[in-house]
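Given next are the chains, with one letter for each unit.
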Amino acid sequence: MSLDYRNPKLILDTSDHPQGSVTWVSPSNLAIVKYWGKHGRQLPRNPSISLTLDHAATTTTLHYHRREEVGGEPVSLELFFAGHPAPDFARRIKAYLQSILEIYPFLGQLHLVMHTDNSFPHSSGIASSASAMSALTLGLCSLERHFFDTLDDSSAFLQKASYLARLASGSASRSVYPWMAAWGQHGDIEGSSDEYAVPFGDRLHPSFRTIRNAILIVSSGTKAVSSSAGHELMDTHPYAPTRYIQAGQRLSRLIPALEQGDWATFGQIAENEALTLHALMMASNPSYILMKPGSLALIDRIRTFRQETGYSVYFSLDAGPNLHVLYPEDQAEAVEAFLHQECIPLCEEEYWIADRAGEGPREIIG
Ligand code: DP6
């Protein structure tokens, strides 16, 4: 049964004049089995699972006060990104907030000033929609809780934040949970749904809870083709039906590997998924390539190092050229020595981020 969060009762009384702010820090995530292809209102064509990152995060503060004027735009919003007005981003957020007015009618009664910033440089080429949209929707759920004394149960709170984040950006639905989260219905994940993500951290073998993720920046330029456009190309992709089946099957193989600490299976699936995503892009019509020569050079070095040393070091890719290197904490010293020697010199301005599985979003109080 599908969830219906529409609620005309979430409206402020005429005598209510709330004023204040809420702040959330929410991380980015890296999909191991990828979401690529969607239908309806932001519903995934296949289930996905991701690692919640720690350092790569967005901090968003929503300042609010009761809107005095009547009429005008359905939502009143000013948005500052890294301290500066960001009109394009503001338009996108405004459109999103308008699209959820049936869920949160009180949003039409407020003037919102949103301040948002990323922990990673905005020129780094790291996808930020998952962290940005989850930080926003966690803030919206805090507003609901604050105004109406609802959502006091933390799992109900996170489920609603995940649902709302999905409506903004599919991958954002997974960022609300610590360690790992799965989005999309799958028989081996109890409670899984196409409408929101569910936590997977409790099922993880300890060695995956402390997994390291070095993000190697190959190019920080803007992507030639957005993820939204990429999803759309899947609608007519000749490989799409097989791909959706494959994703579910890979998840079935990945789950026991994650539970048992089977790094070889985990790594094989992570690498195959990354290359499948990029192969789908290359075989789309029109075709496009987001990897750069530097991405391939790094892949080659990582595979050679693994073959020569036996270390459990694997790579993944998002929809872009940058490499995510995955390895266990107890091998971090050796792997990072290799990264410093052979990989970081190939990065753009030698830029990389040492990240790891994280505890998930947190609200900053006071
Ligand atoms: C390759 O979540 O950015 O990172 O729902 O259109 O906002 P929209 O797409 P988005 O797509 C992410 C695709 C991916 C794989 C993944 O995160 O699962």
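What you see is a predicted model; the values in this text were computed from it and never measured.

1. A short note on the site of the ligand
What surrounds the ligand is a group of 17 residues, the closest being Tyr35, Lys38, Ser169, Gly170 and Ser171. Interatomic distance of 2.7 Å between a side-chain N/O atom of Tyr35 and an oxygen atom of the ligand. Contact between the ligand and Ser169: an oxygen atom at 2.6 Å from a side-chain N or O atom of the residue. Protein coverage of the free-state accessible area of the ligand, which is 460 Å², stands at 92%. It is helix 5 (residues 227-233) that contributes the most residues to the shell around the ligand, three residues altogether.

2. Details of the nonpolar core
Membership of the largest hydrophobic core comes to 84 residues, with the highest contact counts inside it found for Ile49, Leu97, Ile100, Tyr104, Leu140 and Leu143. Top contributing element to this core by residue count: helix 2 (residues 129-148), with nine residues. Beyond its immediate stretch of four places on either side in the chain, Leu143 contacts Val22, Leu62, Tyr64, Phe106, Leu110 and Leu112. The next biggest cluster of nonpolar side chains, apart from the first, holds 23 residues, and it includes Met291, Ile302, Val313 and Ala332.

3. Points about the domain arrangement of the protein
With domains assigned, the protein is organised as domain 1 (19-204) and domain 2 (206-356). Taken together, the contact between domain 1 and domain 2 spans 37 residues of the former and 46 residues of the latter. Summing the contributions of domain 1 and of domain 2, the shared interface buries around 3,500 Å²; its carbon and sulfur component is 66%. When residues of domain 1 are sorted by the area they lose upon contact with domain 2, Lys34, Trp36 and Leu204 head the list and together hold 24% of the total. Along the contact surface separating domain 1 from domain 2 lie two salt bridges. A salt bridge links Glu259 to Arg203; the shortest N-O distance between them is 2.8 Å. Contributing elements (two or more residues each) for the side of domain 1 that touches domain 2: strand 1 (19-33) and strand 4 (48-66). Ranked by the residues each element gives to the side of domain 1 that touches domain 2, the list is headed by strand 4, at eight residues. Residue composition of the side of domain 1 that touches domain 2, grouped by class: 19 nonpolar, 11 polar and seven charged.

So, how was this worked out
- Positions within a chain are numbered from 1, following the residues in the order the chain's sequence is written.
- Side-chain atom pairs in this predicted model are given and counted only at pLDDT of 80 or more, local residue features only at pLDDT of at least 70, and totals for whole chains, interfaces and linings cover all residues.
- Excluding hydrogens and water, the side-chain figures rest on all heavy atoms present in the structure.
- Throughout, near means a residue has at least one heavy atom within 4 Å of the molecule or strand.
- By the criterion applied in these results, polar contacts are pairs of N or O atoms within 3.5 Å in which, for protein atoms, one can donate a hydrogen and the other can accept it, and in which residues neighboring in sequence qualify only through two side-chain atoms.
- Using the Shrake-Rupley algorithm and a 1.4 Å probe, accessible areas are obtained, with residue cover drawn only from the displayed protein chains.
- Every helix listed is a DSSP run of H or I at least four residues long, and every strand listed is a run of E at least two residues long, numbered separately from the N terminus.
- Definition of nonpolar core: a set of buried residues of the types Ala, Val, Leu, Ile, Met, Phe, Trp, Tyr and Cys, connected through side-chain atoms within 4.5 Å.
- Burial classes: relative accessible area under 20% of the type maximum marks a residue as buried, over 50% as exposed, and values in between as partly exposed (1.4 Å probe, protein chains only).
- Residue contacts are counted whenever heavy atoms from the two residues lie within 4.5 Å of one another.
- Domain limits in this description derive from either an automatic procedure or a database domain assignment.
- Accessible area, probed at 1.4 Å, shrinks when two parts are joined; the buried area is that loss added up over both.
- By salt bridge we mean one thing: a side-chain nitrogen of Lys or Arg within 4 Å of a carboxyl oxygen of Asp or Glu.
- Residue polarity follows a fixed list, in which Ala, Val, Leu, Ile, Met, Phe, Trp, Tyr, Cys and Pro are nonpolar, Asp, Glu, Lys and Arg are charged, and the others, Gly among them, are polar.

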